[in-house]
Amino acid sequence: MVLYLGLDGGGTGCRAAICDHAGQLLGRGEGGPANINSDPQGATVSILAAATAAMVQAGATPADLVAVLGVAGGGLARPAALMRDSLPFARTLVVNDAVTAARGALGTADGILVAVGTGSVLAVQRGGDLRQFGGRGFLMGDEGSGAVLGRTLLAQAMRAGDGFAPDSPLLAAIRDEFGGHEGIIAFGTTASPADFATLAPRLIATQDPEGRRIRDQAVAQISDAIRVLQQGRNLPVVCLGGLGPFYAGQLARDWDVRPALGSSVDGALAMARDLGVEA
């Protein structure tokens, strides 16, 4: 019996599903965060937890499964190879979660994916060729992401407190809540991207002028990236992730924003079935 496992894993957790050759869903499971580059050991635990829960529901064993994992860090060759070789499935493909998200959101049609949650990544699909852009992590990229929005808010609160930038009620409130500059620095010293991202909803909801400026700059960055990827066309744009609805609303002013056809797990399952056919 050959079954297909699709898994989506990122900064907030893992979601797995198993289907048969006809696409009938047989089992689902969930696990913790899965970034195979920054925390491969933790990611392995999360992946196996989600996959095991799905296998129990499906009555499957690892040897039954052709698996596709779309996970944070999956676009890096060495972490992807190490994860692939460590898993017990009959056949495994590890890719970045943007790849499976794009397949789920766009199907096989041309379009652009904007996935923004704790991190951010874009992908463009043309004629069946899928390419990922961005998604380089909190330290090197993830523009417009929840983590970067939160970090920017804290940095701007300190700059305003020093008199180097305009102050506002939101920035003053942030300084008070964190105990001033020293408290913000102490938080940033140990905070994870997910910790920074907890501040993003305040920026999304605020009418504070300085909060709106930070938010508008993030939207402009994402829109500029889409403009580059369009290459003069008007491909449909799909927004996913925790901040996806916000960006969809903002980007619809300039682009043809459409709802996703399916989820990243759906995309991973479709890729797993393709992989099984190739075998």
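Residues numbered from 1 in each chain as written. Predicted model: local features only at pLDDT ≥ 70, side-chain atom pairs only at ≥ 80, totals over all residues. Heavy atoms only, no water.

Draft legend 1. Examining the environment of Asp-110 more closely. Secondary-structure assignment places Asp-110 in the loop between helix H3 (97-106) and strand S6 (111-116). Overall, the relative accessible area of 26% leaves Asp-110 in the partly exposed class. Linking Asp-110 and Pro-236, residues 126 residues apart in sequence, is a C-alpha distance of 7.6 Å. In this view, Asp-110 contacts Gln-125, Arg-126, Gly-127, Gly-128, Arg-233, Leu-235 and Pro-236; residues no more than four positions away in its chain are not counted. Polar contacts involving the side chain of Asp-110 include one to the main-chain amide nitrogen of Gly-127, which spans 2.7 Å. (Helix = DSSP H or I, 4+ residues; strand = E, 2+ residues; numbered from the N terminus. Buried < 20%, exposed > 50% of the residue type's maximum accessible area, 1.4 Å probe, protein only. Contact = heavy atoms within 4.5 Å. Polar contact = N/O pair within 3.5 Å; in protein donor to acceptor, adjacent residues only side chain to side chain.)

Draft legend 2. View of the environment of Pro-259. In this structure, Pro-259 sits in the loop between helix H10 (244-251) and helix H11 (264-278). For Pro-259, a relative accessible area of 70% translates into the label exposed. As a C-alpha pair, Pro-259 and Val-238 span 21 residues in sequence and 6.0 Å in three-dimensional space.

Draft legend 3. Just the layout of surface pockets, in detail. Counted as a void, the second largest pocket has a volume near 230 Å³. Along the walls of the second largest pocket sit 16 residues, with Leu-122, Phe-133, Gly-134, Glu-143 and Ala-225 positioned nearest its centre. For the lining of the second largest pocket, the residue count by class is seven nonpolar, five polar and four charged. (1 Å grid on protein atoms, 1.4 Å probe; cavity = no way out; pocket = protein on both sides within 12 Å on 5 of 7 lines; lining within 4 Å. Points joined across faces, edges and corners; volume = space filled by probe spheres on them. Nonpolar A, V, L, I, M, F, W, Y, C, P; charged D, E, K, R; others polar.)

Draft legend 4. Region of the structure containing the sheet that holds strand S9 (residues 237-240). One open sheet holds the four strands; their spatial order is S8-S7-S6-S9, and the pairing between them is mixed. The strands lining the two open edges of the sheet, one partner per strand, are strand S8 (129-134) and S9. In this sheet, adjacent strand axes meet at a mean angle of 20° when their direction is disregarded. Here strand S7 (residues 120-126) runs beside S8; their pairing, made up of six bridges, is antiparallel. Among the inter-strand pairings, Val-121 is bridged to a residue of S8, identified as Gly-134. Across the sheet, H3 touches S6, S7, S8 and S9, and the angle it forms with S6 is around 125°. Of the strands in this sheet, S6, S7, S8 and S9 are in contact with helix H9 (residues 209-230), which crosses S7 at around 20°. (Pairing = 2+ DSSP bridges. Axes fitted to C-alpha atoms, helices over the stretch in contact; angles between N-to-C directions.)

Draft legend 5. Just the sheet that holds strand S5 (residues 91-96), in detail. Sheet architecture is open: five strands sit in the order S3-S2-S1-S4-S5, paired in mixed fashion. Taken across any chain shown, the strands that pair with only one partner, and hence form the sheet edges, are strand S3 (25-31) and S5. Between one strand axis and the next, the sheet turns through 15° on average, direction left out of account. Of the pairings in the sheet, the one linking strand S2 (residues 14-19) to S3 comprises six bridges and is antiparallel in character. For Cys-14, the partnering residue across the bridge sits in S3 and is Gly-31. Helix-sheet contacts for H3 involve strand S1 (3-9), strand S4 (65-71) and S5, and the interaxial angle to S5 is about 95°.

Draft legend 6. Structural context of the packing of H9 against H10. Put simply, H9 and H10 touch, their axes get as near as 10 Å, and they point 75° apart. In terms of orientation, H9 and H10 fall into the roughly perpendicular class. Mapping the contact onto sequence places Arg-215, Ala-218, Val-219, Ile-222, Ser-223 and Ile-226 in H9 and Phe-246, Tyr-247, Gln-250 and Leu-251 in H10. By residue class, the composition of the contact of H9 with H10 is seven nonpolar, two polar and one charged. (Parallel < 35°, antiparallel > 145°, perpendicular 65-115°, else oblique.)

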